[in-house]
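One-letter residues, chain by chain:
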Amino acid sequence: MHHRNIVSLPSKTLRARSKRVSVVDEAVRETIENMKKATLSWEDSRKHEVGVALAAVQIGELKRIIIVRNNFEDKSDRRFKVFINPEIVKLEGEIVEDFEGCLSIKDIYGKVPRYSKVRVKALDESGKEVRLKAEGFLARVFQHEVDHIKGKVFIDHIKDDPEAFFTLKSDGSLEKLDYEKQVRKNRILW
Amino acid sequence: MKNKSEKIVFFGSGPVAARSLESLVGSFEIEAVVTKPATLEMMQHATQGKAGSWHALSTRAELDDLLSRRFFISRLGVIVDFGIIVSRHVIEAFPLGIVNSHFSLLPEWRGADPITFAVLSGQKKTGVSLMLVDEKLDEGPLLAQKEVTIQSKVTTPELTSQLISVSNAMLAKYLPKYLAGELTPYPQDLSKPVTYSRKLTKADGLIDWHKPAEQIEREIRAYCEWPKSFTRLGAAEVIIKRAEVVRLAGPVGEPKIDKASLIVYCGQDALRLTRLQPIGKKEMDAAAFITGYKRRLSEA
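For clarity, every value in this text was computed on a predicted model and none was experimentally measured. (Residues numbered from 1 in each chain as written. Chains lettered and ligands numbered in written order. Predicted model: local features only at pLDDT ≥ 70, side-chain atom pairs only at ≥ 80, totals over all residues. Heavy atoms only, no water.)

Asks: Which parts of the structure should I look at to understand the overall build of chain A?
Replies: Within chain A, the regular secondary structure consists of three helices and eight strands. What you see in chain A, going N to C, is helices and strands ordered as α-β-β-β-β-β-β-α-β-β-α. Its C-alpha atoms give chain A a radius of gyration of 16 Å, near enough to 16 Å, the size a compact globule of 190 residues would have. Across its three principal directions, the C-alpha atoms of chain A cover 45 × 40 × 35 Å. (Helix = DSSP H or I, 4+ residues; strand = E, 2+ residues; numbered from the N terminus. Rg over C-alpha atoms; globule rule 2.2 N^0.38 Å.)

Have a look at this one:
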């Protein structure tokens, strides 16, 4: 089994729902390790990008596990926090549009509307219940990752919006895509 | 989920800048490095080539020109040990401004050479300030400060190395917070004394033996790397590298040999010179110096 490969669209696995983790056992811990390694290994191969979070489905495991980077702005901080069976208990605040990308969706960044605040309930790595409130970018990350657990990817939110699709140029800046030519009928995405 | 990595533009020229850049390369994407022609290679080595683009220039006008011609994506600039004062035009090119790591606890020791002046003053503490640059020298608001104890016999290069480590840790800790919108800059505390250091000259190194021994001893440590404390003892021109204060009195500026000890009387007390470097020769201890220069010491 290739632990370090990220599952990408058009793989149907990404649209499957993940199963609740009933016991935080050795298999779960191994999945978590593999998720961390896969994310960092992906990031090390990318010039202008940071691997900010990952869901287990993205390494082909249909378990409700997500990992979130401790520090989004500092690449040298390679630690992650783990959330098992994460649930968004409440969506609050206002709807904000901002850019998101996904390790499983090559070359596309989208301007995705998300709630600015969320309340999250989950289990930590040791199986203990944690509850937290997140705002801003972190709130966005939770919404994005919990979507994965439900078999949803970020492009599903902006499917009909011709202004929302971008690509990352070689100099690290974002360029809008031609919706008609590159997005609407793109077999890889839909 | 992935995100574009945060980019910064780095301005710096000199070994302190190089060490800072080396540390930043791990955490951030360096969109561009702006340096002086003489230090271009040093900076390239510090990043191991990992920077988007390189710019070498010498004047404030050239810097203004660069920022007029060239658009940077970076929201933030970082400036360490650059030697060119940036104009408002350059600062405004970055939505989050330019962060400077200044090696003192501002508003103390604003100006060109805070470290040397901290050693010179004999003060017990100094530190590092992360400051948002403004057009006026070292008057900008702060992101963070950290205090550092000055060890009693420290030299400028030793203190510099210590402060660089502290600075690198602070940049790694606070820049991400600032980029994430979690830090609010605060003004410098002007209820504290505002002091200014200046650029030293070669002439500052010339020892004036009329000064108290304690002060000269501090100069020796402060000027250790540059401009160095030098004097004429008899017919010998020497740089003094290390000395100890001794409670003796005698004719100011006169050297006295006492077995293996070399003492010079000062305005107050005296200094026992322990490490000397005759100009053009290697550094040596007092005993070696006495053996080689005994005759010259007694010549006028």
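Asks: Could you clarify how one ought to interpret helix H5 (residues 114–121) of chain B in this entry?
Replies: Residues and elements named next belong to chain B. Of all eight residues making up H5, seven are buried, and the element is well covered by its neighbours. Among all positions in H5, only Pro114, Ile115, Thr116, Phe117, Ala118, Val119 and Leu120 are buried. The secondary structure elements touched by the buried residues of H5 are strand S6 (98–102), strand S7 (125–132), helix H6 (156–179) and helix H7 (213–222). The first or second residue beyond H5 is Gly122, which carries a positive phi of 75°. (Buried < 20%, exposed > 50% of the residue type's maximum accessible area, 1.4 Å probe, protein only. Contact = heavy atoms within 4.5 Å.)

Asks: Please explain the packing of aromatic side chains as it appears in this structure.
Replies: Each aromatic ring pair is summarised here by two numbers: the centre-to-centre distance and the angle between the ring planes. One pass over the full model with this rule turns up nine aromatic pairs over all chains. Geometrically, the ring pair formed by B:Trp109 and B:Phe117 is tilted, given 5.5 Å between the ring centres and 50° between the ring planes. Accessibility expressed as a relative area gives 13% for B:Trp109, which makes it buried. On the accessibility criterion, B:Phe117 (12% relative accessible area) is buried. Each member of the aromatic cluster is reached from another via a ring pair, and the members are A:Phe165, A:Tyr179 and A:Trp190. (Phe/Tyr/Trp six-rings, centres within 6.5 Å; stacked < 30°, edge-to-face > 60°.)

Asks: Quick question: what am I supposed to make of the nonpolar core here?
Replies: Nonpolar side chains tend toward joint burial in soluble globular proteins. Within the largest apolar cluster, 47 residues are counted, with the highest numbers of intra-cluster contacts made by B:Phe10, B:Leu21, B:Leu24, B:Ile30, B:Val78, B:Val99 and B:Leu175. Residue contacts for B:Leu24: discarding those within four places in its chain leaves B:Ile8, B:Phe10, B:Ile30, B:Val78, B:Leu171 and B:Leu175. (Core = buried A, V, L, I, M, F, W, Y, C linked by side-chain atoms within 4.5 Å.)

Asks: Hey, could you run me through the interface of chain A and chain B in this one?
Replies: As a measure of interface size, the accessible area lost when the parts come together is often cited. Counting residues at the interface gives 32 residues for chain A, matched by 16 residues for chain B. Where chain A meets chain B, there are one salt bridge. With a closest N to O distance of 3.5 Å, A:Glu49 and B:Lys2 form a salt bridge. Here chain A is connected to chain B by 14 residue pairs in polar contact (both at pLDDT 80 or more). For the side of chain A that touches chain B, the secondary-structure elements that each account for two or more residues are strand S1 (49–51), strand S2 (53–55), strand S4 (80–102), strand S5 (105–123) and helix H2 (136–149) of chain A. (Salt bridge = Lys/Arg side-chain N within 4 Å of Asp/Glu carboxyl O. Polar contact = N/O pair within 3.5 Å; in protein donor to acceptor, adjacent residues only side chain to side chain.)

Asks: How do you make sense of the side chain of A:Glu49 when you look at a structure like this?
Replies: Looking at where A:Glu49 falls in the secondary structure, it is placed in strand S1. Polar side-chain contacts of A:Glu49 include one of 2.8 Å to the side chain of A:Arg46. At a separation of 2.7 Å, a polar atom in the side chain of A:Glu49 contacts the side chain of A:Tyr109. Dropping the residues within four chain positions of it, A:Glu49 is found in contact with A:Trp42, A:Glu43, A:Lys75, A:Tyr109, A:Leu168, B:Lys2, B:Asn3, B:Lys4 and B:Ser5.

Asks: What is the right way to look at the packing of H5(B) against H6(B) in this model?
Replies: How two helices sit against one another is set out by the angle between their axes and by the gap between those axes. All names here are of chain B. Look at H5 against H6: their axes get within 9 Å of each other, and the N-to-C directions meet at 125°. It follows that H5 is oblique to H6 by the angle criterion. H6 is crossed by H5, and the crossing has right-handed handedness. Listed contacts from H6 to Ile115, Thr116 and Val119 of H5 are Thr156, Leu159, Thr160 and Leu163. Of the residues belonging to the contact of H5 with H6, the class tally is four nonpolar, three polar and no charged. (Axes fitted to C-alpha atoms, helices over the stretch in contact; angles between N-to-C directions. Parallel < 35°, antiparallel > 145°, perpendicular 65-115°, else oblique. Left-handed = near helix turned anticlockwise from the far one by under 90°. Nonpolar A, V, L, I, M, F, W, Y, C, P; charged D, E, K, R; others polar.)

Asks: It is not clear to me how the pairing of strand S13 (residues 270–278) of chain B should be interpreted in this structure. Could you clarify?
Replies: Remark: a regular strand shows side chains that alternate across the two faces of the sheet. Residues and elements named next belong to chain B. Examined bridge by bridge, strand S10 (residues 236–246) and S13 share eight bridges and lie antiparallel to one another. Across the sheet, the residue bridging to Ile240 is Leu276, located in S13. Inspection of the sheet shows strand S12 (residues 261–265) paired to S13 by four bridges, in the antiparallel sense. Following the sheet pairing, Val264 is matched in S13 by Leu271. Between S12 and S13, which pair antiparallel in sequence order, lie four residues; one of them, Asp269, sits at a positive phi of approximately 60°. In this structure, S13 lies alongside strand S14 (residues 284–285), joined through two bridges in antiparallel fashion. For Leu276, the partnering residue across the bridge sits in S14 and is Met284. The turn joining S13 and S14, which pair antiparallel and follow one another in sequence, is formed by five residues; a positive phi near 90° is taken by Gly280. (Pairing = 2+ DSSP bridges.)

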